[in-house]
Amino acid sequence: MARKKIIAGNWKMNMTPSQTVELINTLKPLVATEDADVVFCVPAIDIIPALEASKGSNIEIGAENMYYEEKGAYTGEIAPDMLTDVGVKYVIIGHSERREYFAETNETVNKKVLKAFEHGITPIVCCGETLTQREQGVTMDFIRQQVKIAFLGVTAEQAKTAVIAYEPIWAIGTGKTATTEQAQEVCCGIRKCIAEIYDEATAEAIRIQYGGSVNDKTAPELFAQPDIDGGLVGGAALKPDFGKIVNWK
Ligand code: 13P
C-alpha cells in the first residue's frame, strides 16, 4: 500500500495565540487536500487556539515537545495527558534544536517516544547530522545510532505508525536544502535501518520526512523521491507558501 504523505509545519518559538488564529484562518483554505496528512506543530500555549481555529478543516494539531513523565514536579514541562485531553495527535520528539539548546539526548528521546506511544500520540522522531559529521563521512552511522536508540522498546506495530523526520542540521534555517539525492539517500538508509530493527513490512509502513529549508520550489522534487514521505517545514510553514508545499503535486 502506498504511504500517504505527511507534511508538517514546525512553528518553533513563533506566533502568539492571537497570531495563531490569524495564521490558521489564512492557511486553512490553502492547505486543504486529501492527498496528504497536514499537521501544524505549534508552541504549547498556541495548541488550544490552534485546535479551535482549525476545527472542521483537514489540519491536525501537534505539539513541539512533551515530557516523558506522567505528572508531578517538573516545572515548565507538558505531560502527555495534557496533550491528549485537548485532542493533540502528534508530537515532535528530539528536534536538533532541543538536542542542542535543551540537552536532549538519544536516551531522553527514547523515553519520550515510548511515552508518546503509550498515550496514543504519534511521535515525529527527528534525526540528522551536523556538517562536520557529513564531511567526516559518518552521516549514516550517526543517524542509525539516533534511530536505533530512539526506537528501543518500541514494538513493530507502534513503529509502523511513527514518523521519522530526517533533518540535516546544516540545512535547518540556512536556506541550504540538502540535494534531492542526499535527502533520498539518507531517508532510504533510515528505512533500511528500520527493516533491520523490525522487518520489511514495518519499513514499508513507516513514514519518513525530510526537513531543512524546504520551500515551494524544492518540495516537489524532494517529495517525489521513493523514500521521502513528506516534509517537516520550519520557516516556510508560517507563510501562505505552505499551501503550495502541501499541494506540491
Ligand atoms: P527550516 O524549514 O526553517 O529550515 O526548519 C526546518 C526545521 O527545523 C523543521 O523542524
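Residues numbered from 1 in each chain as written. Predicted model: local features only at pLDDT ≥ 70, side-chain atom pairs only at ≥ 80, totals over all residues. Heavy atoms only, no water.

- An unreviewed UniProt entry lists the protein chain under the name Triosephosphate isomerase, with Lientehia hominis given as the organism.
- The UniProt entry for the protein chain carries the following comment under Sequence similarities (unreviewed entry): "Belongs to the triosephosphate isomerase family."
- UniProt, in the comment section headed Catalytic activity (unreviewed entry), describes the protein chain in these words: "D-glyceraldehyde 3-phosphate = dihydroxyacetone phosphate". (UniProt positions renumbered as here; feature names shortened; annotations may be inferred.)

**A few points about the packing of aromatic side chains**
Step number 1: Under the criterion given, the structure shown has 7 aromatic pairs.
Step number 2: Seen from their ring centres, Tyr 101 and Phe 102 are 6.5 Å apart, and the 90° between their planes marks the pair as edge-to-face. Both residues of the pair, Tyr 101 and Phe 102, count as exposed.
Step number 3: With 5.8 Å between their ring centres and 85° between their planes, Phe 223 and Trp 248 make a pair best called edge-to-face. Taken together, the positions of Phe 223 in helix α11 (residues 219-223) and Trp 248 in the segment after α12 (242-246) put the pair 25 residues apart, joining distant regions of the chain. Trp 248 matches Phe 223 in its accessibility class, with the two residues each being buried. (Phe/Tyr/Trp six-rings, centres within 6.5 Å; stacked < 30°, edge-to-face > 60°. Buried < 20%, exposed > 50% of the residue type's maximum accessible area, 1.4 Å probe, protein only. Helix = DSSP H or I, 4+ residues; strand = E, 2+ residues; numbered from the N terminus.)

**Notes on the site of the ligand**
Step number 1: Surrounding the ligand, one finds Asn 10, Lys 12, His 95, Glu 167, Ala 171, Ile 172, Gly 173, Gly 212, Ser 213, Leu 232, Gly 234 and Gly 235.
Step number 2: With respect to the ligand, the side chain of His 95 contributes an N or O atom lying 2.8 Å from an oxygen atom.
Step number 3: The backbone of Gly 235 places a nitrogen or oxygen atom 2.9 Å from an oxygen atom of the ligand.
Step number 4: Looking at the shell around the ligand residue by residue, the classes come out as 3 nonpolar, 7 polar and 2 charged. (Near = heavy atom within 4 Å. Polar contact = N/O pair within 3.5 Å; in protein donor to acceptor, adjacent residues only side chain to side chain. Nonpolar A, V, L, I, M, F, W, Y, C, P; charged D, E, K, R; others polar.)

**Here's the deal with the UniProt feature "binding site: substrate" (unreviewed entry) in the protein chain**
Step number 1: UniProt's entry tags Asn 10, Trp 11, Lys 12, Gly 173, Ser 213, Gly 234 and Gly 235 with the feature "binding site: substrate" (unreviewed entry), counted in the numbering of this structure. The annotated residues occupy 226 residues of the chain but converge on a single region, no pair of C-alpha atoms lying more than 13.7 Å apart.
Step number 2: Relative to the helices and strands, Gly 173 resides in the loop between β6 (163-166) and α9 (180-197).
Step number 3: For Gly 173, a relative accessible area of 75% corresponds to the exposed category.
Step number 4: Topologically, Gly 235 is positioned in the loop between β8 (230-233) and α12.

**Overview of the pairing of strand β1 (residues 5-10)**
Step number 1: Where burial is concerned, most of β1 is hidden: 6 out of the 6 residues are buried.
Step number 2: Of the two faces of β1, the one holding Lys 5, Ile 7 and Gly 9 and the one holding Ile 6, Ala 8 and Asn 10 are both buried throughout.
Step number 3: With 6 bridges joining them, β1 and strand β2 (residues 36-42) adopt parallel strand pairing. Each bridged residue has a counterpart across the sheet, and for Ile 7 the counterpart in β2 is Val 38.
Step number 4: Taking the sense of rotation as the criterion, the β-α-β connection linking β1, helix α1 (residues 17-27) and β2 turns out right-handed.
Step number 5: Where β1 lies against β8, 4 bridges are found, and the strand directions are parallel. Across the sheet, the residue bridging to Ile 7 is Gly 231, located in β8. (Pairing = 2+ DSSP bridges. Right-handed = clockwise from strand over helix to strand, strands pointing away.)

**Looking at the state of the cysteines**
Step number 1: Scanning the model with the defined rule gives 0 disulfides in all.
Step number 2: The thiol of Cys 187 is unpaired, and the distance to the nearest cysteine sulfur, on Cys 127, comes to 7.9 Å.
Step number 3: Among the cysteines around Cys 193, which has no disulfide bond, Cys 127 carries the closest sulfur, lying 9.1 Å off.
Step number 4: Classification of Cys 193 as buried rests on a relative accessible area of 1%. (Disulfide = S-S within 2.5 Å.)

**Concerning the nonpolar core**
Step number 1: Counting residues in each nonpolar core, the largest one holds 65 residues, and the members touching the most others are Phe 40, Phe 151 and Phe 242.
Step number 2: Considering every element that reaches this core, the biggest residue donor is α9, with 7 residues.
Step number 3: Among residues more than four places away in sequence, those in contact with Phe 151 are Asn 110, Val 125, Ala 159, Ala 162, Ile 164, Tyr 198 and Ile 206.
Step number 4: Core analysis: the second largest hydrophobic core is formed by 11 residues, Ile 92, Ile 124, Cys 126 and Ala 165 among them. (Core = buried A, V, L, I, M, F, W, Y, C linked by side-chain atoms within 4.5 Å. Contact = heavy atoms within 4.5 Å.)

**With respect to unusual backbone geometry**
Step number 1: In this structure, Ala 103 takes a positive phi of about 55° despite not being glycine.
Step number 2: Residue placement: Ala 103 occurs in the loop between α4 (96-101) and α5 (106-118).
Step number 3: The phi angle at Ser 213 is positive, at roughly 55°, despite the residue not being glycine.
Step number 4: Structurally, Ser 213 is set in the loop between β7 (207-211) and α11.

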